[in-house]
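Commentary on secondary and tertiary structure
In case you want the letters, here they are:
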Amino acid sequence: MNPRGAVGVGAAAVGAAYWFMMSPYSQALGRFPFRGPGDERVVALTFDDGPNEPYTSELADYLDEEDIRATFFQVGKAVQRHPEVTKRLRSAGHVIGLHGHTHEFTQYLRRRTLADELRHGLDAFGELGIRPALYRPPWLLRIPALPGLLHEHGLQVVSGEFCHLLEVAQPSPHRIADQALRSTRPGSIIIFHDGWDGKSADRAATVEAVKLLTPQLRARGYSFTTVDRLLGLPAYS
């Protein structure tokens, strides 16, 4: 095979692996809901990688003022850094989901280390008296062992659609909000990031984008709900 052909085959293999293991839409490893029913103009706002201060609390302040309940998929180690933030969100009626414990990519590639991530992550929430029933994998990464491990822990995996493919790099709030508005449809589960891999990071653009997006969605007749209500799933065990 000539070099150009080898590159093409390699690129195809990488693309297939991405779709199989990391696409928001792939159902190859079992049910991976990325959108709810489309019969009503209802959407679920979700936030990954936190808690991350002050941005998670700034989002909580705004959402509470607007009487919007959201779903926060949180990283165990970040929860241990900011337990009071997680407790506040839970008390305000926001739903807390599991997003692993360390958010280290290599930890999610093998059954043994993935099992550790799930167990330690749940333990971190358990310290606060919370037992999430919803799980979103970091990077949406799935391996064949994941369904069985989730069953052992009573967890349901949840996907979604990214508000903007570059949101983690923090483009302007208007760019994030405009893209999210264009892609939203009845039943959308919109993925934002209030943290970065469970670490501290500037998420000011995300906070402002949410403030831009929500009134525009309401003007189009949308209301907001949490992932569990949208999908008809339990939020906690």
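Above this text you will find the structure in question.
These numbers come from a predicted model, not from an experiment. (Residues numbered from 1 in each chain as written. Predicted model: local features only at pLDDT ≥ 70, side-chain atom pairs only at ≥ 80, totals over all residues. Heavy atoms only, no water.)

Here the focus is the packing of helix α5 (residues 111-126) against helix α6 (residues 146-153). What describes two packed helices is the angle between their axes and the distance between those same axes. Following both chains from N to C, one finds α5 and α6 inclined at 30 degrees, their axes separated by 10 Å at the closest point. Here α5 is positioned roughly parallel relative to α6, judged by the angle of their axes. When you trace α5 past α6, the crossing you get is right-handed. Where α5 approaches α6, its residues Arg111, Leu114, Ala115, Leu118, Arg119 and Leu122 are matched on the opposing element by Leu146, Leu149, Leu150, Glu152 and His153. Grouping the constituent residues of the contact of α5 with α6 by class yields 7 nonpolar, 1 polar and 3 charged. (Axes fitted to C-alpha atoms, helices over the stretch in contact; angles between N-to-C directions. Helix = DSSP H or I, 4+ residues; strand = E, 2+ residues; numbered from the N terminus. Parallel < 35°, antiparallel > 145°, perpendicular 65-115°, else oblique. Left-handed = near helix turned anticlockwise from the far one by under 90°. Contact = heavy atoms within 4.5 Å. Nonpolar A, V, L, I, M, F, W, Y, C, P; charged D, E, K, R; others polar.)

Cis geometry is found at the peptide bond from Gly50 to Pro51, where omega equals 0 degrees. One can find Pro51 in the loop between β1 (42-48) and α2 (55-65). With an omega of 5 degrees, the peptide bond running from Glu53 to Pro54 counts as cis. Within the secondary structure, Pro54 is located in the loop between β1 and α2. At Asp49, a residue that is not glycine, the phi angle is positive and equals roughly 85 degrees. Asp49 sits in the buried class, given a relative accessible area of 3%. Although it is not a glycine, His103 adopts a positive phi angle of roughly 60 degrees. (Buried < 20%, exposed > 50% of the residue type's maximum accessible area, 1.4 Å probe, protein only.)

Applying the stated criterion across every chain yields a total of 5 aromatic pairs. When the centroid spacing of 4.9 Å and the interplanar angle of 85 degrees are considered together, the rings of Tyr25 and Phe34 count as edge-to-face. A centroid spacing of 6.1 Å and a plane angle of 75 degrees characterise the contact between Tyr108 and Trp139, whose relative ring orientation is edge-to-face. Placement of the pair is Tyr108 in the loop between β3 (95-98) and α5 and Trp139 in the loop between β4 (134-135) and α6, with a sequence separation of 31 residues. Put simply, the rings of Phe47, Phe72 and Phe192 pair up and form one aromatic cluster. One cation-aromatic arrangement involves Lys199 over Trp196; the distance from NZ or CZ to the ring centre is 5.4 Å. (Phe/Tyr/Trp six-rings, centres within 6.5 Å; stacked < 30°, edge-to-face > 60°. Lys NZ or Arg CZ within 6 Å of the ring centre and 35° of its normal.)

So, on to the nonpolar core. Counting 48 residues, the largest nonpolar core has Leu45, Phe47, Leu63, Tyr135 and Phe192 as its most contacted members. The element best represented in this core is helix α8 (residues 204-219), accounting for 6 residues. (Core = buried A, V, L, I, M, F, W, Y, C linked by side-chain atoms within 4.5 Å.)

Orientation of α2 relative to helix α4 (residues 83-91), taken along the N-to-C sense of each, is 15 degrees, at an axis distance of 11 Å. For the element pair α2 / α4, the angle class is roughly parallel. For α2 against α4, the interelement crossing comes out left-handed. Where α2 abuts α4, its residues Thr56, Ser57, Ala60, Asp61 and Asp64 lie against Val85, Arg88 and Leu89. Split into classes, the residues belonging to the contact of α2 with α4 amount to 3 nonpolar, 2 polar and 3 charged.

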